[in-house]
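An overview of the molecular structure
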Amino acid sequence: MTDHSPKIDIHYFEPEIKFSDVLVIVTHPTIGTISSICGNYLIEHLNLRLIGTFLSPELSPTTIIRNGTPEPPIRIYAGEYIEDDSTIFDQIVIISSELPLSAPLMYELSDRIIEWSKFNNARAILTIEAINKEEVDFKIPNVFSLTTNNDAKSIIKDLNLNGFENGMISGFTGLLQYKGFIENYPVISILSEAHKDFPDSKSAAAVLSKLNSLLPTIEIDFEPLLKQAEIFEKQLKLAMTQIDKNGPSNRNASSGMFA
């Protein structure tokens, strides 16, 4: 039988890379773009370096421009190894993509990420996901967790997260969860409520506050995200007030601002 799975290669930009006690964070397109917001925020504020990429002819022929440099669609970033006996993880790796992937490519890439994580002795994979929040209420979003095994549960036991007990998760997070479950590999998903119609910085900050507890040797200053969310909410409230003043006939005409 012919294997029609997309071929995915790994290209490294550094000749020798050592990993130890790694947390692999996977960020990808989500509702409210919270996964991408978190990923890019961590990359910039923790000065993570681009160490490699996953390559496939099935990927969209698109480059991501970062600080004037053309980068591939699926990128691997890494931080320095910081030995600390008081922490679960001593190193962070982010596998990041902002582009939607086809189902066959998601299947193959999820296998490759788990394979890569095992090979490099990563202690867990963590995905950041969103739960659709229909109403614009400006409340602090609820954050949930989902884990594949007891090792993953023990890692987040002190984060005070509500478990995601019943429902369905599709896309890349869903794939990594059930494949991690099948292979008894620790996969953690942190899920935050988010609005589908605009970038939700407050939800991203809620997720980062949990990661701050998970990685005490790395202080993540998520206050700028909260300030950004506050500015956006003021603008959104003003726009909603104007829509209400103008009447329902203009509501649909103004909804394009959220596209």
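Refer to the structure printed above.
These notes cover the structure that comes with them. Bear in mind that the values here come from a model prediction, so they are computed numbers and not experimental data.

1. Focus: the overall build of the protein chain
On a plain count of helices and strands, the protein chain comes out with 7 helices and 11 strands. Here the protein chain holds 259 residues, and the buried ones make up 49% of them. At a minimum sequence separation of 6, the contacts of the protein chain that also span at least 24 residues come to 74%. Of the roughly 13,600 Å² that the protein chain leaves accessible, carbon and sulfur atoms contribute 52%.

2. Concerning the nonpolar core
Ranked by internal contacts, the top residues of the largest apolar core, which has 33 residues, are Ile25, Leu126 and Leu211. Mapped by element, the contributors of at least two residues to this core are β2 (22-27), α1 (34-45), β7 (91-96), β8 (122-132), α3 (150-155), β11 (187-194) and α5 (201-214). Once you skip the residues sitting within four places of it in the chain, isoleucine 25 turns out to touch Leu42, Ile92, Val93, Ile94, Ile95, Leu126, Ile128 and Leu211. Ile114, Ala122, Leu176 and Tyr185 belong to the second-largest nonpolar core, a separate cluster that totals 26 residues.

3. As for the packing of α1 against α5
Two numbers describe how α1 lies on α5: the axes approach to 9 Å, and their chain directions differ by 55°. It follows from the interaxial angle that α1 and α5 lie oblique. Between α1 and α5 lies a crossing whose hand is right-handed. Residues Ile34, Ile37, Cys38, Tyr41 and Leu42 of α1 form the contact with α5, whose participating residues are Ser201, Ser203, Ala204, Val207, Leu208 and Leu211. Grouping the amino acids of the contact of α1 with α5 by side-chain chemistry returns 9 nonpolar, 2 polar and no charged.

4. Brief notes about the packing of helix α2 (residues 103-119) against helix α4 (residues 171-182)
Closest axis-to-axis distance for the α2/α4 pair is 10 Å, and the angle between their directions is 50°. In terms of their interaxial angle, α2 and α4 are classed as oblique. Like other packed secondary-structure pairs, α2 and α4 cross with a definite hand, here right-handed. Of the residues in α4, those touching α2 at Met106, Tyr107, Leu109, Ser110, Asp111, Ile113 and Ile114 are Gly171, Phe172, Leu175, Leu176, Tyr178, Lys179 and Gly180. For the contact of α2 with α4, a count of residues per class yields 9 nonpolar, 3 polar and 2 charged.

5. A look at the pairing of strand β6 (residues 75-78)
Alternating positions in β6 separate into two faces, Arg75 and Tyr77 on one and Ile76 and Ala78 on the other, with burial throughout. Bridging between β6 and β7 involves 4 bridges; their strand directions are antiparallel. The residue of β7 that forms the bridge with tyrosine 77 is isoleucine 94.

6. Digging into the side chain of lysine 179
Along the polypeptide, lysine 179 turns up in helix α4. On the basis of relative accessibility, which here comes to 9%, the residue lysine 179 falls in the buried class. In this structure the side chain of lysine 179 is engaged in a polar contact, spanning 3.2 Å, whose partner is the side chain of serine 110. Here lysine 179 is in contact with Tyr107, Ser110, Asp111 and Ile114, once residues within four sequence places are set aside.

7. With respect to the environment of alanine 206
Position of alanine 206 relative to the elements: it lies in helix α5. Ignoring any residue separated from it by four or fewer positions in sequence, one finds alanine 206 in contact with Pro141, Val143 and Ser192.

8. A short note on α5
Its 14 residues place the ends of α5 20 Å apart at the C-alpha level, agreeing with the 20 Å of an ideal helix rising 1.5 Å per residue. The element α5 is extensively covered by neighbouring structure, given that 11 of its 14 residues are classed as buried. Every buried residue belonging to α5 is among Ser201, Lys202, Ser203, Ala204, Ala205, Ala206, Val207, Leu208, Leu211, Asn212 and Leu214, and all of these are buried.

9. A short note on the pattern of salt bridges
Tallying each qualifying case throughout the model produces 11 salt bridges. We note a salt bridge from glutamate 14 to arginine 49, for which the minimum N-O separation is 2.7 Å. Of this pair, glutamate 14 sits in the loop between β1 (9-12) and β2 while arginine 49 sits in strand β3 (residues 49-55), and the two are 35 residues apart along the sequence. Residue arginine 49 is classed as partly exposed on the basis of its relative accessible area of 27%. A salt bridge links lysine 157 to aspartate 158, with the shortest nitrogen-to-oxygen separation between them at 3.4 Å. Side by side, lysine 157 and aspartate 158 carry an identical accessibility label, which is exposed. One network of salt bridges, with partners in common, ties together Glu44, Arg66, Glu71, Arg75 and Glu98.

Scoring rules and cut-offs
- Residues numbered from 1 in each chain as written.
- Predicted model: local features only at pLDDT ≥ 70, side-chain atom pairs only at ≥ 80, totals over all residues.
- Heavy atoms only, no water.
- Helix = DSSP H or I, 4+ residues; strand = E, 2+ residues; numbered from the N terminus.
- Buried < 20%, exposed > 50% of the residue type's maximum accessible area, 1.4 Å probe, protein only.
- Contact = heavy atoms within 4.5 Å.
- Areas by Shrake-Rupley, 256 points an atom, 1.4 Å probe, with all protein chains shown as cover.
- Core = buried A, V, L, I, M, F, W, Y, C linked by side-chain atoms within 4.5 Å.
- Axes fitted to C-alpha atoms, helices over the stretch in contact; angles between N-to-C directions.
- Parallel < 35°, antiparallel > 145°, perpendicular 65-115°, else oblique.
- Left-handed = near helix turned anticlockwise from the far one by under 90°.
- Nonpolar A, V, L, I, M, F, W, Y, C, P; charged D, E, K, R; others polar.
- Pairing = 2+ DSSP bridges.
- Polar contact = N/O pair within 3.5 Å; in protein donor to acceptor, adjacent residues only side chain to side chain.
- Expected span 1.5 Å × (residues − 1).
- Salt bridge = Lys/Arg side-chain N within 4 Å of Asp/Glu carboxyl O.

Remember that the coordinates give geometry; whether it matters functionally is a separate question.
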